[in-house]
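As a plain string of letters, each chain reads:
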Amino acid sequence: ITQYDHYPAYQEANKFFELKTAFSFHVEKRINSFYSIATEFSSGSFAGLRRANEYLGYSVFEPWPNRYEGKGDKFTASFTEADLLLNLNITNLMAYFFETKRGRKLYFDGKIGYGFNIFNSLRTNLFTDSYIADFGYVLEDGIERGTQRKSFFKQTHETVYVFGVRANYKLNRKIELNLDYTVRNGLTDKWDASKMNTQYLTDNFTFLSLGMKYKIGR
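Okay, so let's go over this structure. (Residues numbered from 1 in each chain as written. Predicted model: local features only at pLDDT ≥ 70, side-chain atom pairs only at ≥ 80, totals over all residues. Heavy atoms only, no water.)

**Focus: the overall build of the protein**
Regarding its fold elements, the protein presents one helix and 10 strands. Reading the helices (α) and strands (β) of the protein from amino to carboxyl end gives β-β-β-β-β-α-β-β-β-β-β. For the C-alpha atoms alone, the extent of the protein along its principal axes is close to 65 × 35 × 30 Å. Of all intrachain contacts in the protein linking residues separated by at least 6 positions in sequence, the fraction that spans at least 24 positions is 67%. As displayed, the protein offers around 13,400 Å² of accessible surface, 58% of which is attributable to carbon and sulfur atoms. (Helix = DSSP H or I, 4+ residues; strand = E, 2+ residues; numbered from the N terminus. Contact = heavy atoms within 4.5 Å. Areas by Shrake-Rupley, 256 points an atom, 1.4 Å probe, with all protein chains shown as cover.)

Here it is in structure tokens:
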């Protein structure tokens, strides 16, 4: 469920904004000047909305009859993820193959990896916030749907492929600033609490972050 591909959407009626926040922490071991390996832990949320006119030609996913009101819908998902990553120093690789200068202050990394994502997602009607569907919430008699999350290890989980690029700026020998853009492509169609029969067989979301790196030892 997403209205636009390249910029976030906002629904003024209930002040719903697609952009959400998250954080990540990683430990990285540099093998040589060209590559390093890392483990990364991430946690936060992401969201999306889709107005009714974007559903022309598609059937809306409704596991419970007559829940969708026909005016668009939205979802919010919370996630926790652990990844194993390979980072490639693009600047140094370019310098090695094309005899350009290595980055002294500014350099760029590319990263690819594999991870495990635990999440819960809730989809509601766009204007009324009434329940449509969910993954990772308790569905029992006496409990209103979409109100109580399952315990952490009983929430929905999927594997995920990670790839991205990172700009690094050296402040001194120990500290660097980082600007990171990462795409997470899940082996799932459940992140938006909607399994749709479209050309997109899996879900993905992007994570743009600003951070700091501190070097330990040599």
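After that view of the structure, there is still more to cover.
**A look at the packing of aromatic side chains**
The final tally for this structure, using the stated rule, is 13 aromatic pairs. Geometrically, the ring pair formed by Phe46 and Phe79 is tilted, given 5.9 Å between the ring centres and 50° between the ring planes. One end of the pair, Phe46, is in strand β4 (residues 35-50); the other, Phe79, is in strand β5 (residues 73-89), and 33 residues separate them in sequence. Owing to a relative accessible area of 9%, Phe46 belongs among the buried residues under this scheme. (Phe/Tyr/Trp six-rings, centres within 6.5 Å; stacked < 30°, edge-to-face > 60°. Buried < 20%, exposed > 50% of the residue type's maximum accessible area, 1.4 Å probe, protein only.)

**Here's the deal with the pattern of salt bridges**
What the rule picks out here adds up to 13 salt bridges. With a shortest N-O distance of 3.2 Å, Glu28 and Arg30 are connected by a salt bridge. A relative accessible area of 22% places Glu28 in the partly exposed class. The closest approach of N and O atoms between Arg184 and Glu81, which form a salt bridge, is 2.6 Å. Of this pair, Arg184 sits in strand β9 (residues 175-186) while Glu81 sits in strand β5; the two residues are 103 residues apart in sequence, bridging distant segments of the chain. A relative accessible area of 1% means that Arg184 is categorised as buried. For Glu81, a relative accessible area of 1% gives the class buried. (Salt bridge = Lys/Arg side-chain N within 4 Å of Asp/Glu carboxyl O.)

**Comments concerning the side chain of Ser36**
The residue Ser36 is located in strand β4 in this model. At 2.7 Å, the side chain of Ser36 and the side chain of Glu28 are in polar contact. (Polar contact = N/O pair within 3.5 Å; in protein donor to acceptor, adjacent residues only side chain to side chain.)

**Quick notes on the side chain of Glu18**
The residue Glu18 is located in the loop between β2 (16-17) and β3 (22-30) in this model. An unpaired buried charge is present at Glu18: no salt bridge exists, and Arg51, the closest side chain of opposite charge, is 7.4 Å distant. At a separation of 2.9 Å, a polar atom in the side chain of Glu18 contacts the main-chain amide nitrogen of Ala9. The residues touching Glu18, leaving out its near neighbours within four places in the chain, are Thr2, Gln3, Tyr7, Pro8, Ala9, Ala47, Gly48 and Leu49. (Lys, Arg positive; Asp, Glu negative; His and termini not counted.)

**Brief notes about helix α1 (residues 90-98)**
If you check which residues of α1 are buried, you get Thr91, Asn92 and Ala95. Looking down the long axis of α1, one finds its buried residues gathered within 95° of arc, a one-sided arrangement. The outward face of α1, more than 90 degrees from its buried face, is lined by the exposed residues Tyr96, Phe97 and Phe98. Taken together, the buried residues of α1 touch β5 and β6 (106-125). (Arc of directions from axis to C-beta.)

**Thoughts on the nonpolar core**
The biggest cluster of nonpolar side chains holds 18 residues, and the ones touching the most others in it are Phe46, Tyr55 and Trp191. Among the secondary structure elements, those contributing two or more residues to this core are β5 and β7 (131-135). (Core = buried A, V, L, I, M, F, W, Y, C linked by side-chain atoms within 4.5 Å.)

**Considering the environment of Gly136**
Mapped onto the secondary structure, Gly136 falls in the loop between β7 and β8 (156-170). By relative accessible area, Gly136 is classed as buried at 5%. Each C-alpha atom of the pair Gly136 and Val165 lies 31 Å from the other, and the pair is 29 residues apart in sequence.

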